[in-house]
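# Inside the fold
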Amino acid sequence: MLRTKDILDEKDKRLRMVSEEVVFPLTKQDRAQIKKMVAYLRDSQIEDRAEKYDLRPGMGMAAIQLGIPKRYITIVNEVDYEEETGKHTFETFIVVNPKIISTSEEMIYVEAGEGCLSVNREVEGIVPRYARCTIEGYDMDGNKIRIRAREEVSIAFQHEIDHLNGILFVDKIDKKNPFKNQEKYRAI
Ligand code: NI
């Protein structure tokens, strides 16, 4: 199983690489990595598992964060939590060679500040993101897929696809004025 220490830190130059398109079929190793990425993200959002294995919580991961310069990403979004039973329900997205094919005009940002499993510090400031976007890519078997994402899932896709191009969210914050143009965007 993946642990927090397996995830590259922002100082690691590999995070600046532009990842390569994946050629199908996926290798066994890539399939195994994808399963581990999804398992990490799920576990990291389940409090007792996160605590037990000392996992930093996250909802998205790109292969390059494990040092693999290939274009695949995973996103695990909690859609329901039942307090009485402690049951979490997640939606999981696995996209190989993802591309954003259209975006909304409306822009949003994470009010509490965007986070990243590779950035182990609090970063203040606004990262403008499209409120909605449509992503095309492939599933693990090479079937073409199209996803319409909104709100935090839309942000997650933009964030993870940035990783495939060597971009971190901190790059997108205005250094001199981290809250520049705040009024132009909707906080979520
Ligand atoms: Ni990240």
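Residues numbered from 1 in each chain as written. Predicted model: local features only at pLDDT ≥ 70, side-chain atom pairs only at ≥ 80, totals over all residues. Heavy atoms only, no water.

## Considering the sheet that holds strand β6 (residues 132-138)
Spatial ordering of the open sheet is given by β1-β2-β3-β6-β7, a layout of 5 strands whose pairing is antiparallel. Edge positions in the sheet fall to β1 (60-62) and β7 (144-150), since each has one partner strand and no second. Each neighbouring strand pair of the sheet contributes to a mean axis angle of 40°, computed without reference to strand direction. For β6 and β7, the ladder comprises 7 bridges, and the chain directions are antiparallel. Looking at the pairing, glutamate 136 lines up with arginine 146 of β7. Its contacts with the sheet place helix α1 (residues 28-44) against β1, β2 (72-82) and β3 (87-103), and it is angled at close to 30° to β2. Of the strands in this sheet, β1, β2, β3, β6 and β7 touch helix α3 (residues 151-164), which is tilted by about 155° from β2. (Pairing = 2+ DSSP bridges. Helix = DSSP H or I, 4+ residues; strand = E, 2+ residues; numbered from the N terminus. Axes fitted to C-alpha atoms, helices over the stretch in contact; angles between N-to-C directions. Contact = heavy atoms within 4.5 Å.)

## So, the environment of glycine 58
Note on placement: glycine 58 falls in the loop between α2 (47-53) and β1. Classification of glycine 58 by relative accessible area gives buried; the value is 14%. For glycine 58 and valine 76, which are 18 residues apart along the polypeptide, the C-alpha to C-alpha distance reads 8.4 Å. With residues near it in sequence (within four places) discarded, glycine 58 still touches Leu41, Ser44, Gln45 and Leu117. (Buried < 20%, exposed > 50% of the residue type's maximum accessible area, 1.4 Å probe, protein only.)

## Re the side chain of serine 118
Mapped onto the fold, serine 118 is located in the loop between β4 (107-109) and β5 (129-130). Looking at serine 118, its side chain comes within polar contact range of the side chain of glutamine 65, at 2.9 Å. Not counting residues within four places of it along the chain, the set of residues in contact with serine 118 comprises Ile7, Leu8, Asp9, Glu10, Leu15, Arg56 and Gln65. (Polar contact = N/O pair within 3.5 Å; in protein donor to acceptor, adjacent residues only side chain to side chain.)

## Quick look at the sheet that holds strand β8 (residues 186-187)
One open sheet accounts for 3 strands, arranged β5-β4-β8; its pairing is mixed. Two strands in the sheet have a free side with no partner beyond their single neighbour: β5 and β8. By the bridge criterion, 2 bridges tie β4 to β8 in an arrangement that is parallel. Bridge pairing in β8 links isoleucine 108 to arginine 186.

## What about the pairing of β3?
As defined by bridge partners, β2 adjoins β3 across 10 bridges and the pair is classed as antiparallel. Each bridged residue has a counterpart across the sheet, and for aspartate 80 the counterpart in β3 is threonine 89. Counted along the chain from β2 to the antiparallel partner β3, the turn is 4 residues long, and its residue glycine 86 has a positive phi close to 75°. In this sheet, β6 lies alongside β3 in antiparallel orientation, the contact comprising 5 bridges. When the bridges of β6 are listed, valine 96 appears paired with tyrosine 138.

## Things to note about the nonpolar core
Among the nonpolar cores identified, the biggest contains 25 residues, and Ile73, Ile135, Phe157 and Phe169 are the most heavily contacted of them. Looking at this core, the elements that each hand over two or more residues are β2, β3, β6, β7 and α3. Considering each element in turn, this core owes the most residues, 5 residues, to α3. Beyond its immediate chain neighbours, meaning those up to four positions away, phenylalanine 157 contacts Ile73, Ile75, Phe93, Val95, Ile135, Ile147 and Ala149. In terms of nonpolar packing, the next biggest core, distinct from the first, is built from 23 residues, Met61, Val76, Val96 and Met140 among them. (Core = buried A, V, L, I, M, F, W, Y, C linked by side-chain atoms within 4.5 Å.)

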